[in-house]
Amino acid sequence: MIDEAEPGYRWEAEYEKTWELLQEDEAGSLQASVDEIVQKAKRKRLLDRPINVKLGIMRHLCVVIDMSDAMNDKDLRPNRQLATLKLLEKFVEEFFDQNPISQLGLYIMKNKRCEMITELGGNIKRHTTSLASLRTMQCQGEASLQNAMEMASQNLRHVPGHASREILIIFGSLSTCDPGNIMETAKAIKSQNVRCSIIGLAAGVYVCQKICQETQGKYNVILDESHFKDLLTEQTSPPPAVGVTESSLIRMGFPQHETTAGIGKSSMCMCHIDSKDSSQGFGKNGYFCPQCWSKYCELPVECVVCGLTLVSAPHLARSYHHLFPLQPFAEIPTADIYRPNRLCYSCQKHLSEVHAYKCGQCSHVFCIDCDVFIHEIHHCCPGCASKRTPQL
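Residues numbered from 1 in each chain as written. Predicted model: local features only at pLDDT ≥ 70, side-chain atom pairs only at ≥ 80, totals over all residues. Heavy atoms only, no water.

**Q** I'm lost on the overall build of the protein chain in this one. Help?
**A** On a plain count of helices and strands, the protein chain comes out with ten helices and 17 strands. Each of the 392 residues in the protein chain was classed as buried or not, and the buried ones make up 40%. Long-range pairs, those at least 24 residues apart, make up 65% of the contacts in the protein chain between residues at least 6 apart in sequence. Element-wise, carbon and sulfur atoms account for 52% of the exposed surface of the protein chain, whose accessible area totals about 22,200 Å². (Helix = DSSP H or I, 4+ residues; strand = E, 2+ residues; numbered from the N terminus. Buried < 20%, exposed > 50% of the residue type's maximum accessible area, 1.4 Å probe, protein only. Contact = heavy atoms within 4.5 Å. Areas by Shrake-Rupley, 256 points an atom, 1.4 Å probe, with all protein chains shown as cover.)

See below:
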């Protein structure tokens, strides 16, 4: 039974007059109220970000995809399986764009078992290719949350203590067929500082809610495809650290892209050493580990020979903005801005919305779209950057 302290279902709450949120303006139009609701929805993620908390920017995320019979349902177009794989391909690219020194692995649940599709790694192409290959796989059998959690936690067990360990499950079923007590598994992964989050595609399932509460994860059920996309986008931001996270110095290598490996001979890169296509990865170009001179096609990657983490300076810079995020801009009425200056400083378009957004440092004003882009993608105020004096 559900604990009394937990909030009840929505249909058990008091009757809400949601239509009262829409107010007519002087001309009898509802457009102003609709625009205000849209603006609040766009800025919701910016305002919900935690402040002054410890984040794990070196993330190790295991994504588990439900491939049971339930994924054949067509409430998402063309069906749950294809809609999920399409959104996950974009999620992988966005995840590594926001977390360039993190690693990700893919798993599937079907026939009461869990199978590994890709190991933990930072190769975007390998993950997206594997997701594309799942489009032709037949969804069958039942899902097993316990087997999925156990397999993912086993692969996360050897992750260093300074890195975050996370599991994200895309769950389309309404039941789980497990060999044992799933709550014992939830307590076990909690002891390993593993956070488990679940995105449901059908309806709320109590056991999913309890697992996420036990491991300090998030449990959400999608409303439609756009909401599904928003929930995946939330997972790209590093969550607060779980339990006691170690603080330690990490050895990293910064290889430069070279066309010769000392003596100038062609060599096979370590990324494609097991590839069946001998033409891939063979040549003189590549990134060479400064410690053992193993060659790799792209960064970031962990050297399979000496274990050194190979990154570039931009990768560290992109991870740095999570620790010191850009402060939210202040919301001000557009009518209070002097009329000749009612232009967005970034896109130079006329500010036609009811509210504009002002930077507290440089006092420049931005529209809602530029405000969201600056905080989620650019992570730097254009007005503040243009005022900086170049260092000689």
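**Q** Honestly, the pattern of salt bridges in this entry has me stumped. Any pointers?
**A** As enumerated under the stated definition, the model contains five salt bridges in all. Between Arg80 and Asp75 there is a salt bridge; the shortest N-O distance is 2.8 Å. Taking the relative accessible area as the measure of exposure, Arg80 reaches 5% and is therefore buried. Salt-bridge contacts for Glu89 lead to Arg135; the nearest nitrogen and oxygen are separated by 3.4 Å. (Salt bridge = Lys/Arg side-chain N within 4 Å of Asp/Glu carboxyl O.)

**Q** Hey, could you run me through the nonpolar core in this one?
**A** Buried together is how nonpolar side chains tend to be arranged in soluble globular proteins. Core analysis: the biggest nonpolar cluster contains 30 residues, and Met109, Leu145, Ile167, Ile169, Phe171 and Ile198 have the highest contact counts within it. If one sorts the elements of this core by residue count, helix α4 (residues 145–156) sits on top with five residues. With 28 residues, the next largest nonpolar core counts Val63, Met67, Leu85 and Leu87 among its residues. (Core = buried A, V, L, I, M, F, W, Y, C linked by side-chain atoms within 4.5 Å.)

**Q** Looking at this model, I keep getting lost on the sheet that holds strand β3 (residues 113–121). Mind explaining?
**A** Within a beta sheet, neighbouring strands are joined by backbone hydrogen bonds and run either parallel or antiparallel to one another. The strand order across the open sheet formed by six strands is β3-β2-β1-β4-β5-β6, and the pairing between neighbours is mixed. Sheet topology places β3 and β6 (219–221) at the edges, where each strand pairs with a single neighbour. On average, each strand axis in the sheet is inclined to that of its neighbour by 15°, with strand direction left out of account. When strand β4 (residues 164–171) meets strand β5 (residues 194–200), the two strands line up parallel, connected through seven bridges. Opposite Leu168, over in β5, you have Ser197 as the bridge partner. Taken strand by strand, helix α3 (residues 124–133) contacts β1 (59–66), β2 (103–110) and β3, and its axis lies near 155° from that of β3. (Pairing = 2+ DSSP bridges. Axes fitted to C-alpha atoms, helices over the stretch in contact; angles between N-to-C directions.)

**Q** Can you help me understand the packing of aromatic side chains in this one?
**A** Think of a pair of aromatic rings as described by two things: how far the centres are apart, and how the planes are tilted against each other in angle. Under the criterion given, the structure shown has five aromatic pairs. For the pair Phe91 and Phe95, a centre-to-centre distance of 5.9 Å together with 40° between the ring planes defines the contact as tilted. Here Phe95 and Phe91 lie together in helix α2 (residues 80–98), a separation of four residues that amounts to about one turn. The buried category is assigned to Phe95, whose relative accessible area is 0%. With 5.2 Å between their ring centres and 20° between their planes, Phe329 and Phe366 make a pair best called stacked. (Phe/Tyr/Trp six-rings, centres within 6.5 Å; stacked < 30°, edge-to-face > 60°.)

**Q** In this structure, what is going on with the environment of Lys229? I would like to understand it.
**A** Its place among the elements puts Lys229 in helix α7 (residues 225–234). Sequence-wise, Lys229 and Thr84 are 145 residues apart; in three dimensions their C-alpha atoms are separated by 9.3 Å.

**Q** Can you help me understand the sheet that holds strand β16 (residues 355–358) in this one?
**A** Pairing in this open sheet of three strands is antiparallel, and the strands run β15-β16-β17 from one edge to the other. Of all the strands in the sheet, the pair left with one neighbour each is β15 (330–333) and β17 (365–366). Note: β16 against β17, two bridges, orientation antiparallel. Bridge pairing links Lys358 to Val365 in β17.

**Q** Teacher, can you tell me more about the side chain of Thr118 here?
**A** Its place among the elements puts Thr118 in strand β3. A distance of 3.1 Å separates a polar side-chain atom of Thr118 from the backbone nitrogen of Leu106. A distance of 3.0 Å separates the side chain of Thr118 from the side chain of His127, its partner in a polar contact. In this structure, Thr118 is in contact with Gly105, Leu106, Arg126, His127 and Ser130, ignoring residues within four places of it in sequence. (Polar contact = N/O pair within 3.5 Å; in protein donor to acceptor, adjacent residues only side chain to side chain.)

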